[in-house]
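These are the residues of each chain, in order.
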Amino acid sequence: MKDFIYYAPTEVVFGKDSEQEVALLVKKYGGHKVLVHYGGGSAVRSGLLDKICSLLKEGGIETVLLGGVVPNPRLSKVHEGIALCKKEGVDFILSVGGGSVIDSAKAIACGVLYPGEVWDFYAGKADAEAYLPMGCVLTIPAAGSEMSDSSVITNEDGDIKVGYSNNLSRQKFAIMNPERTYTLPPYQTAAGVTDIMMHTMERYFSHDDDMTLTDAVAEAVLRTMKDCIFTVLKDPKDYRARAQIMWGGSLAHNDLTGCGTSGDWATHQLEHELSGMFDATHGAGLAAIWPSWARYVYKENVSRFVRFAVNVMDVPNDFTDPEGTALKGIEAMERFYHSIGMPINIPELIGKEITDEEIEEMVRKCSHDYSITQGQFKVLKPQDMLNIYRMAAGR
Ligand code: NZQ
Ligand code: ZN
């Protein structure tokens, strides 16, 4: 097991009616005037936004509203939020929504306190030294942003989607009521579970040994998500399954399943170019890339893929043919993706063929103009990225 620091400072308030605590929590963490940040309308339609605003008002907290965050959140909305927070003298940001809203809030929270351009942080030109305090009311388990240290923003100038990690961006609190996820459409539910599983798998596929406990936690998360997704697709109001998925989303990305491992993250990096260029749903984009990544890299450590096949995908272990077992695990994952309505390649994801020029453009962006590699399980050079994109494109 590698040395590690585990840092998960977010106060989680989980369960039915947990949003009742919102005013107390905002006050506890120093909020007097709050930017309530939300998305395209689901929180309005469900009545959650109204409820949160009423609770804050009853608690004597002033509110300023900013909605309209879209999936793959945009830099222009971040700029709008920064200007609004400065104008109104906001001292706390509350997100009501999913990863896109929370990520937008994280960018606003550091941008407000920075005299320069907030994109500097995402472009790697500066590091944020201060954030406004933030909390969230989570409505979709997927990105894990409620407990993670990162945010991912799309700059419309060039459709560049980039992540930025900073421990100061951790939420002070995360309110999670599984009942609030009952309204999620099946596609978003499945894409969310795919993302949750991928956050676990990015950490699981590593060459580190002696990770007995971390592997067991990861496999438990993966198996639980695999079971519960079918339950909620059949019955969206199954509280037990919705609750497992909601907590799974946080455990998958608060680094619990990364303790002692190196992690890979190539699938995520390859995917960000897809959702940045085609505005695809992030989780679905991961499903479109992973099988090609897996087939491209599995020979680097066949036994790891065998373990995944047997312990997660229930493939019988053929001790005479480890490669065959490993490949059966990848095939089983593809069948799983299809069974929950996820794509397994790029044409299925975007509904059309992708051109060679578009693939080349994604390679250029993913390799930062051919200057960096991605991944650790197999270190991917630009030519490897090209090969994987081409496989995922069906070339
Ligand atoms: O905008 P509204 O109307 O709210 O609709 C949203 C959105 O269309 C809808 N939705 C959310 N809660 C709902 C609901 N619809 C009905 N009922 C509810 N209860 O779901 C759609 C997707 O929402 P979004 O916030 O985009 O989803 P997600 O949480 O998957 O976030 C995706 C973003 O997070 C980034 C992704 O790249 C993507 O931009 N990620 C952030 C990470 C992080 N900060 O640590 C890590 C991840 O790997 C990921 O990259
Ligand atoms: Zn993700």
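Right above here is the structure, for reference.
Reference entry: report on the structure contained in this document. (Residues numbered from 1 in each chain as written. Chains lettered and ligands numbered in written order. Predicted model: local features only at pLDDT ≥ 70, side-chain atom pairs only at ≥ 80, totals over all residues. Heavy atoms only, no water.)

Observations regarding the overall build of the protein chain
Across its full length, the protein chain carries 16 helices and 8 strands. Taken against the 2.2 N^0.38 rule, which gives 21 Å for 395 residues, the C-alpha radius of gyration of the protein chain at 21 Å falls within 12% of a compact globule. Taken along the three principal axes of its C-alpha coordinates, the protein chain extends 70 × 45 × 45 Å. Excluding contacts between residues fewer than 6 apart, the proportion of contacts in the protein chain whose partners are at least 24 apart in sequence is 77%. Across the protein chain, the mean location of the 38 positive side-chain charges is 4 Å away from that of the 53 negative side-chain charges. (Helix = DSSP H or I, 4+ residues; strand = E, 2+ residues; numbered from the N terminus. Rg over C-alpha atoms; globule rule 2.2 N^0.38 Å. Contact = heavy atoms within 4.5 Å. Lys, Arg positive; Asp, Glu negative; His and termini not counted. Charge placed at Lys NZ, Arg CZ, Asp CG, Glu CD.)

With respect to the site of ligand 1
With respect to spatial proximity, 32 residues lie near ligand 1, and among them Gly40, Ser42, Ser100, Ser148 and Lys161 are the closest. Gly99 is positioned such that a nitrogen or oxygen atom in its backbone is 2.7 Å from an oxygen atom of ligand 1. Between ligand 1 and Asp103, the relevant distance is 2.8 Å, taken from a nitrogen atom to a side-chain nitrogen or oxygen of the residue. Considering ligand 1 on its own, with 960 Å² of exposed area, one finds that the protein chains cover 88% of that surface. Among the secondary structure elements, those contributing two or more residues to the shell around ligand 1 are α5 (99-111), β6 (150-155), α7 (186-204) and α10 (266-278). Grouping the constituent residues of the shell around ligand 1 by class yields 8 nonpolar, 20 polar and 4 charged. In this structure, the shell around ligand 1 is formed jointly by two domains, domain 1 (11-180) and domain 2 (184-392), each of which donates at least three residues. (Near = heavy atom within 4 Å. Polar contact = N/O pair within 3.5 Å; in protein donor to acceptor, adjacent residues only side chain to side chain. Areas by Shrake-Rupley, 256 points an atom, 1.4 Å probe, with all protein chains shown as cover. Nonpolar A, V, L, I, M, F, W, Y, C, P; charged D, E, K, R; others polar. Domains from an automatic or database assignment.)

Observations regarding unusual backbone geometry
Despite not being glycine, Asp255 shows a phi value in the positive range, around 80 degrees. Tracing the chain through its elements places Asp255 in the loop between α9 (239-253) and α10. Assessed through its relative accessible area of 32%, Asp255 is described here as partly exposed. Of note, Asp369 is a non-glycine position whose phi angle comes to about 60 degrees, a positive value. Along the chain, the position of Asp369 falls in the loop between α15 (356-366) and α16 (382-392). (Buried < 20%, exposed > 50% of the residue type's maximum accessible area, 1.4 Å probe, protein only.)

A look at the coordination of the zinc ion (ligand 2)
Here the zinc ion (ligand 2) is held by the protein donor atoms Asp195 (OD), His199 (NE2), His268 (NE2) and His282 (NE2), which lie 2.0 to 2.2 Å from it. In the primary sequence, the donor residues of the zinc ion (ligand 2) line up as D-x3-H-x68-H-x13-H. Taken together, the residues span a long stretch of sequence, with Asp195 in helix α7 and His282 in helix α11 (residues 282-297) at a distance of 87 residues. Since its relative accessible area comes to 3%, Asp195 is described here as buried. (Donors = N, O, S within 2.8 Å, 3.2 Å for Na, K, Ca; no water.)

Points about the environment of Ser145
Topologically, Ser145 is positioned in the loop between β5 (134-138) and β6. Classification of Ser145 by relative accessible area gives buried; the value is 2%. The spatial distance from the C-alpha of Ser145 to the C-alpha of Gly98 is 7.9 Å, given a sequence separation of 47 residues. With sequence-adjacent residues up to four places away left out, Ser145 is seen in contact with Gly99, Ile102, Asp103, Lys106, Ser150 and Gln171. A distance of 3.0 Å separates polar atoms of two side chains, one belonging to Ser145 and the other to Lys106.

Some remarks on the environment of Ile229
With respect to the helices and strands, Ile229 occurs in helix α8 (residues 212-234). Spatially, the C-alpha atoms of Ile229 and Thr194 are 9.5 Å apart, while their sequence positions differ by 35 residues. Every residue in contact with Ile229, bar those within four places of it in the chain, is listed here: Thr189, Ala190, Val193, Ile245, Phe336 and Ile340.

Topic: the layout of surface pockets
The probe, sized like a water molecule, is rolled over the atoms to show the empty space still left. For the second largest pocket, the calculated volume is near 180 Å³. As for the second largest pocket, its lining consists of Tyr7, Pro9, Tyr131, Leu132, Pro133, Met134, Asn167, Leu168, Arg170, Gln171 and Lys172. (1 Å grid on protein atoms, 1.4 Å probe; cavity = no way out; pocket = protein on both sides within 12 Å on 5 of 7 lines; lining within 4 Å. Points joined across faces, edges and corners; volume = space filled by probe spheres on them.)

Looking at the packing of aromatic side chains
The way to describe two aromatic rings as a pair is by their centre distance and the angle between their planes. A full pass over the atoms with the stated rule returns 23 aromatic pairs. Geometrically, the ring pair formed by Phe305 and Phe377 is edge-to-face, given 5.6 Å between the ring centres and 75 degrees between the ring planes. Note that Phe305 is positioned in helix α12 (residues 302-311) and Phe377 in the loop between α15 and α16, a separation of 72 residues in sequence. Note on accessibility: Phe305 and Phe377 belong to one class, buried. In this structure, Lys16 is placed above the aromatic ring of Tyr239, and the distance from its NZ or CZ to the ring centre is 4.5 Å. The ring of Tyr204 has Arg304 lying over it, and the distance from NZ or CZ to the ring centre is 4.3 Å. (Phe/Tyr/Trp six-rings, centres within 6.5 Å; stacked < 30°, edge-to-face > 60°. Lys NZ or Arg CZ within 6 Å of the ring centre and 35° of its normal.)

A few points about the side chain of Thr257
Of note, Thr257 is situated in the loop between α9 and α10. You can call Thr257 buried: its relative accessible area is 1%. Ignoring anything within four residues of it in the chain, the contact list for Thr257 reads His199, Thr200, Arg203, Thr214, Val217, Ala218, Val221, Leu251 and Ala252.

So, the packing of α7 against α10
One can describe the packing of α7 onto α10 by two numbers: an axis separation of 9 Å at closest approach and a directional angle of 135 degrees. Judged by the angle between their axes, α7 and α10 are oblique. Together, Asp195, Met198, His199 and Glu202 of α7 and Ala266, Thr267 and His268 of α10 make up the contact between the two elements. Within the contact of α7 with α10, the residues separate by chemical class into 2 nonpolar, 3 polar and 2 charged. (Axes fitted to C-alpha atoms, helices over the stretch in contact; angles between N-to-C directions. Parallel < 35°, antiparallel > 145°, perpendicular 65-115°, else oblique.)

Quick look at a nonpolar patch on the surface
Among the surface-exposed residues, Met1, Phe4 and Tyr6 lie close enough to one another that they form a single nonpolar patch of about 290 Å² accessible area. Within the secondary structure, Tyr6 sits in the segment before β1 (11-14). Assessed through its relative accessible area of 35%, Tyr6 is described here as partly exposed. (Patch = residues over 30% accessible without salt bridge, like charges linked within 9 Å, V, L, I, M, F, W, Y side chains within 5 Å. Salt bridge = Lys/Arg side-chain N within 4 Å of Asp/Glu carboxyl O.)

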